[in-house]
Amino acid sequence: GTRGYASPDGPKCRPATYDDDLYSLGGVLYALATGAEVAAGPRPSNPLHRPLRFMRPGCSEALVKLVGELVGPVGERPAADAARARVVNAASEGPS
C-alpha cells in the first residue's frame with residue numbers, strides 16, 4: 001500500500017481486509033479535506049498527528065469524527081457497515 005494511506009497494521013503477508021480499506025478511505029478524506037499529502041507528514045502512519053481541525057479550521061464535526069474513527073487505533077475503528085453509514089451521513093452534510 002501507499003505510505004500514509006495503508007493501514008499500519010495492514011497486510012504484511014495476508015490479504016487486505018475491509019478494515020484496511022476503511023483506514024485508506026480515512027487517509028483519502030483527510031487529504032481531500034486539508035489539501036495536505038498524508039505521506040508527507042511527520043508520521044505517515046498517523047495522519048492525525050496533524051489534527052484535521054488544525055489543518056482545516058471550520059471543518060464539519062461529522063467529518064472530523066469520521067476521519068478520526070477511520071484512521072484511529074484498531075480497536076476504536078468502526079465496523080465496515082457503521083463506517084459506511086457515517087460516510088453517507090458526512091457526505092449529506094455537504095462541504096464546510
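Criteria and thresholds
- Residues numbered from 1 in each chain as written.
- Predicted model: local features only at pLDDT ≥ 70, side-chain atom pairs only at ≥ 80, totals over all residues.
- Heavy atoms only, no water.
- Helix = DSSP H or I, 4+ residues; strand = E, 2+ residues; numbered from the N terminus.
- Buried < 20%, exposed > 50% of the residue type's maximum accessible area, 1.4 Å probe, protein only.
- Contact = heavy atoms within 4.5 Å.
- Areas by Shrake-Rupley, 256 points an atom, 1.4 Å probe, with all protein chains shown as cover.
- Core = buried A, V, L, I, M, F, W, Y, C linked by side-chain atoms within 4.5 Å.
- pLDDT = per-residue confidence, 0-100.
- Expected span 1.5 Å × (residues − 1).
- Axes fitted to C-alpha atoms, helices over the stretch in contact; angles between N-to-C directions.
- Parallel < 35°, antiparallel > 145°, perpendicular 65-115°, else oblique.
- Left-handed = near helix turned anticlockwise from the far one by under 90°.
- Nonpolar A, V, L, I, M, F, W, Y, C, P; charged D, E, K, R; others polar.

Engineer: Would you mind going over the overall build of the chain with me for this structure?
Structural biologist: Helices and strands together make up the secondary structure of the chain, namely four helices and zero strands. The secondary structure elements of the chain, listed N-terminal to C-terminal, are α-α-α-α. The buried share of the chain, reckoned over its 96 residues, is 38%. At a minimum sequence separation of 6, the contacts of the chain that also span at least 24 residues come to 44%. When the accessible surface of the chain is split by element, carbon and sulfur atoms take 59% of a total near 5600 Å².

Engineer: Whenever I open this one, the nonpolar core confuses me. Can you help?
Structural biologist: Nonpolar side chains tend toward joint burial in soluble globular proteins. In this structure, L52, L63 and V67 are the most contacted members of the largest nonpolar core, which totals 16 residues. Counting only elements with at least two residues in this core, the list comes to α1 (18-34) and α3 (61-70). The biggest single contributor to this core is α1, with six residues. Apart from residues no more than four positions distant in its own chain, V67 is found in contact with G26, L29, Y30, L48 and L52.

Engineer: How should I be thinking about the confidence of the model for the chain in this particular structure?
Structural biologist: Low pLDDT marks regions whose predicted coordinates should not be analysed in detail. Residues at a pLDDT of 70 or more form 74% of the chain, whose mean pLDDT is 77. Element-level mean pLDDT values for the chain span from 67 in helix α4 (residues 80-93) up to 88 in helix α2 (residues 52-55).

Engineer: Help me understand α1, please; the structure alone is not making it clear to me.
Structural biologist: Helical periodicity: at 3.6 residues per turn, an α-helix aligns residues three or four positions apart in one direction. For α1, with 17 residues, the first-to-last C-alpha span of 24 Å sits near the 24 Å given by 1.5 Å per residue. For α1, the full list of buried residues reads D20, L22, Y23, G26, G27, L29, Y30, A31, A33 and T34.

Engineer: How should the packing of α1 against α3 be read in this particular structure?
Structural biologist: A pair of packed helices can be characterised by two numbers: the angle between their axes and the separation between those axes. Interaxial distance between α1 and α3 falls to 8 Å at its minimum, and their mutual angle equals 140 degrees. Our classification of the angle between α1 and α3 gives oblique. Seen from above, α1 lies across α3 with left-handed handedness. Touching L22, Y23, L25, G26, L29, Y30 and A33 of α1 are L63, L66, V67 and L70, all from α3. Among the residues making up the contact of α1 with α3, the classes are represented as ten nonpolar, one polar and no charged.

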